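# Residue-level structural notes
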Amino acid sequence: MHTPSPITRRLSRQIHVGHVPVGGGAPIAVQSMTNTDTNDVAATVAQIQRLQQAGADIVRVSVPDMDAAEAFGKIKRQVSVPLVADIHFDYKIALRVAELGVDCLRINPGNIGREDRVRAVVDAARHHGIPIRIGVNAGSLEKDLQKKYGEPTPEALVESAMRHIDHLDRLDFPDFKVSVKASDVFMAVSAYRLLAKQIEQPLHLGITEAGGLRSGTVKSSIGLGMLLMDGIGDTIRVSLAADPVEEIKVGFDMLKSLKLRAKGINFIACPSCSRQNFDVIATMNALEERLEDIMTPLDVSVIGCVVNGPGEAKETDIGLTGGSPANLVYIDGKPASKLRNDHLVDDLEALIRAKAQEKENRAGDLIAREA
């Protein structure tokens, strides 16, 4: 369980979105986007704080007009997580949020308009030390590319991206990241693979408009998983028609499964069968809900019987193996105690929290000794 990931990541240029490094070997950043009305400052701040509590590294906020830009400034002052402003068409909005402290501008240089307007945005970004994200989407390709290719294709997405990149190259602005999203898994994967060979900048991964919580999670996991296995990707967003907090949870679970990020609890649990000595499914549902606040990396196995339980438990920080008349708990791979079913979840939660605190204390002592 503690072996490193075998994935060799693509080496990219590093940029910083606020205090978060993106690319250049930095941990893959997980982000989401608010779906509140940006002009409702209180609701948007509350949602951003929920996303941050769930582990979000970066949050994107739509800024469709100048009123929203002013609201964005108020929001920015009330949160600590880096914010990306999502802007289309009106370059003046980009200039305003740059003044108000935005951490990254999400634009398409092609829909900003004339070269002088693109230059003004780039100059503002350079002056304030703000990176830019170029976002290409299969659903909004330029008309001439639609005519040239007949329909969205990986090649069309990459050609669109390269046009926007050329804008920034002409202005000698290298601090940007790029996305080439499509709702079709094969199209998105092919486009990212093509683009990864052509530029050195970090790539923002996503399967756009992936679907609801279940279908979107499956589609995103397949598409992003293929790319991450290739070593492609520096920041990800799992786009779900669901509570944005679910996007963060799925994103981290995805990275944990590939051993690319270690944040929070990595649960190993059996699907349950008639051999189980406790209700595995109910136990897992309760533990996942109760322990969402723990960000300390921990491996926890919950296995209903003795067939695979001891083997899994010996490889995890805490392992529960079903047994009769009591279940056996392993800590750091060694038998430690027995738990009865009547207080199983409460007792196991307490053990996990104690283990997480022990790890935090150990890490703190190590930092203090190195200081």
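In short, a report on the structure. (Residues numbered from 1 in each chain as written. Predicted model: local features only at pLDDT ≥ 70, side-chain atom pairs only at ≥ 80, totals over all residues. Heavy atoms only, no water.)

## Section: the overall build of the chain
Stated precisely, the cut-off is as follows: Secondary structure is summarised from DSSP: a helix means a run of H or I of at least four residues, a strand means a run of E of at least two, and numbering begins at the N terminus for each. Throughout, the radius of gyration refers to the C-alpha atoms, and the reference size of a globule is 2.2 Å times the residue count to the power 0.38. Per-residue accessibility, obtained with a 1.4 Å probe over protein chains only, is compared with the maximum for each type, and a residue is labelled buried under 20%, exposed over 50%, and partly exposed between these values. Residue contacts are counted whenever heavy atoms from the two residues lie within 4.5 Å of one another.
Across its full length, the chain holds 13 helices and 15 strands. On C-alpha atoms alone, the chain measures out to a radius of gyration of 23 Å, which is about the 21 Å that the 2.2 N^0.38 rule sets for 371 residues. Counting every position in the chain, which comprises 371 residues, the buried fraction comes to 51%. A sequence separation of at least 24 residues applies to 65% of the contacts in the chain between residues at least 6 apart.

## With respect to the packing of helix H8 (residues 185–196) against helix H9 (residues 213–229)
The condition that has to hold: Axes, fitted as lines to C-alpha atoms, cover a helix only where it is in contact. Angles between the N-to-C directions of the axes lie from 0 to 180 degrees. Relative orientations are named as follows: roughly parallel for angles under 35 degrees, roughly antiparallel for angles over 145 degrees, roughly perpendicular for angles from 65 to 115 degrees, and oblique for any other angle. By convention the crossing between two helices is left-handed if the near helix lies anticlockwise of the far one by an angle smaller than a right angle, and right-handed if it lies clockwise.
Remark: H8 packs on H9, axes separated minimally by 10 Å, with the N-to-C direction vectors making an angle of 20 degrees. Taken together, H8 and H9 sit at an angle that is classed as roughly parallel. Note that H8 runs across H9; the crossing there is right-handed. Here H8 contributes Val185, Val189, Tyr192 and Arg193 to the contact with H9, which in turn contributes Lys219, Ile222, Gly223, Met226 and Leu227.

## Focus on the environment of Asp346
As for its placement among the helices and strands, Asp346 is situated in helix H13 (residues 344–370). The class of Asp346 is partly exposed, set by a relative accessible area of 41%. Spatially, the C-alpha atom of Asp346 lies 20 Å from that of Cys270, the residues being 76 residues apart in sequence.

## Remarks on the pattern of salt bridges
Formally: What counts as a salt bridge is simple: a side-chain nitrogen of Lys or Arg found within 4 Å of a carboxyl oxygen of Asp or Glu.
Per the stated rule, a full pass over the model turns up 29 salt bridges. Through salt bridges with shared partners, a single network forms among Arg290, Asp293, Asp346, Glu349 and Arg353.

## Focus: the sheet that holds strand E9 (residues 204–205)
The condition is simple: At least two DSSP bridges between two strands are needed for those strands to be called paired.
The strand order E8-E7-E6-E5-E4-E3-E10-E9 describes an open sheet built from eight strands, whose pairing is parallel. Single-partner strands in this sheet number two, and they are strand E8 (176–181) and E9. Relative to strand E4 (residues 58–62), strand E3 (residues 29–33) runs parallel, the two being bridged by three bridges. Across the sheet, Met33 pairs through a bridge with Arg60, a residue of E4.

## A look at a nonpolar patch on the surface
How we decide: Without a salt bridge and with relative accessible area above 30%, a residue can belong to a patch; like charges are then joined within 9 Å and nonpolar side chains (Val, Leu, Ile, Met, Phe, Trp, Tyr) within 5 Å. Accessible surface is estimated by sampling points in the Shrake-Rupley manner with a 1.4 Å probe; for residues, cover comes only from the protein chains shown.
Among the surface-exposed residues, Val218, Ile222 and Met226 lie close enough to one another that they form a single nonpolar patch of about 240 Å² accessible area. Here Ile222 shows up in helix H9. With a relative accessible area of 47%, Ile222 lands in the partly exposed category.

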